[in-house]
Amino acid sequence: AKSRSATAQQQTHAEMSIIRNAISANNTDLSDFKRHSAAIQQQMHQELAEIRESLGNVFAEITAAVRNNSSSDQDLKLKLQSLQESMVRNDTVYTQLADSADKSTQQMQSVVADMSTGAEKIRDELVSLKR
């Protein structure tokens with residue numbers, strides 16, 4: 001009975017030793033896992049910070065582009081408005097020049113008609129003087 005008791009005790013000690021070794025190995029694995037997880041978490045935080053910064057830069061670029069485009073649109077609108085105003089002025093000047101040319105043509109026709117009439121009178125007078 002003593003021998004059986006000693007064998008049972010040795011077996012229990014051996015099992016306890018196996019359990020202790022397994023717990024120790026599991027503790028080591030758990031520590032390694034915690035260390036690895038902390039490193040991954042730190043890396044993820046770093047990458048997340050870089051992504052946030054990159055997104056911030058992209059949004060800033062988009063905002064600048066929108067401002068630029070609206071500024072360019074405004075410049076374009078002002079240039080178009082200026083061109084339209086110039087066209088209206090040119091059209092007015094053209095109309096005035098056309099009216100003036102018409103008047104000049106009429107006046108010249110009138111002067112030519114008067115000169116023609118005057119020339120006919122002079123010719124008639126010369127003809128009557130020759131007789």
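This one's a predicted model, so the numbers in the text were calculated from it and none came from an experiment.

Trainee: Explanation requested: the overall build of the chain in the structure shown.
Mentor: Along the backbone of the chain there are one helix and zero strands. Taking 131 residues into account, the globule formula puts the C-alpha radius of gyration at 14 Å, and the chain, at 55 Å, lies well above it. Overall size of the chain, expressed as C-alpha extent along the three principal axes, is 185 × 15 × 15 Å. Counting across all 131 residues of the chain, residues that qualify as buried make up 0%. Put simply, the chain has 15 plus and 17 minus side-chain charges, and the middle of one group is 10 Å from the middle of the other.

Trainee: Got a minute to help me understand the environment of Thr117 in this structure?
Mentor: Mapped onto the fold, Thr117 is located in helix H1 (residues 2-130). Separated by 75 residues in sequence, Thr117 and Gln42 place their C-alpha atoms 110 Å apart.

Trainee: Mind showing me how you'd approach the environment of Met16 here?
Mentor: As for its placement among the helices and strands, Met16 is situated in helix H1. Accessibility expressed as a relative area gives 44% for Met16, which makes it partly exposed. In the structure, Met16 is positioned 71 residues away from Met87 in sequence and 103 Å away in space, judged by C-alpha atoms.

Trainee: Could you clarify how one ought to interpret a nonpolar patch on the surface in this entry?
Mentor: Side chains of Ile51, Leu55, Val58, Phe59, Ile62 and Val66 sit close together on the surface and give an oily, nonpolar patch of about 550 Å² of accessible area. Along the chain, the position of Val66 falls in helix H1.

The rules behind these values
Throughout, a residue's number is its position along its own chain's written sequence, starting from 1. Owing to the predicted nature of the model, reporting of local features is limited to residues with pLDDT of at least 70; listing and counting of side-chain atom pairs is limited to 80 or more, with chain, interface and lining totals taken over all residues. Based on all heavy atoms of the structure, the side-chain values leave hydrogens and waters out of the count. Only runs of H or I of at least four residues qualify as helices and only runs of E of at least two qualify as strands under DSSP, and these elements are numbered from the N terminus. What the globule rule says is 2.2 Å times the number of residues to the power 0.38, and the radius of gyration is computed from C-alpha atoms. Categorising residues by exposure relies on relative accessible area from a 1.4 Å probe, with only protein chains included: less than 20% of the type maximum marks a residue as buried, more than 50% marks it as exposed, and the intermediate range marks it as partly exposed. Positive charge is attributed to Lys and Arg, negative charge to Asp and Glu, and no charge count is given to His or to the chain ends. Where a charge lies is defined by one atom per residue type, namely NZ (Lys), CZ (Arg), CG (Asp) and CD (Glu). Patch building starts from residues that exceed 30% relative accessible area and form no salt bridge, then joins like charges within 9 Å and nonpolar side chains (Val, Leu, Ile, Met, Phe, Trp, Tyr) within 5 Å. We get accessible surface area from the Shrake-Rupley algorithm with a probe of 1.4 Å; when it comes to residues, only the shown protein chains can shield them. Any carboxyl oxygen of Asp or Glu that lies within 4 Å of a side-chain nitrogen of Lys or Arg is treated as forming a salt bridge with it.

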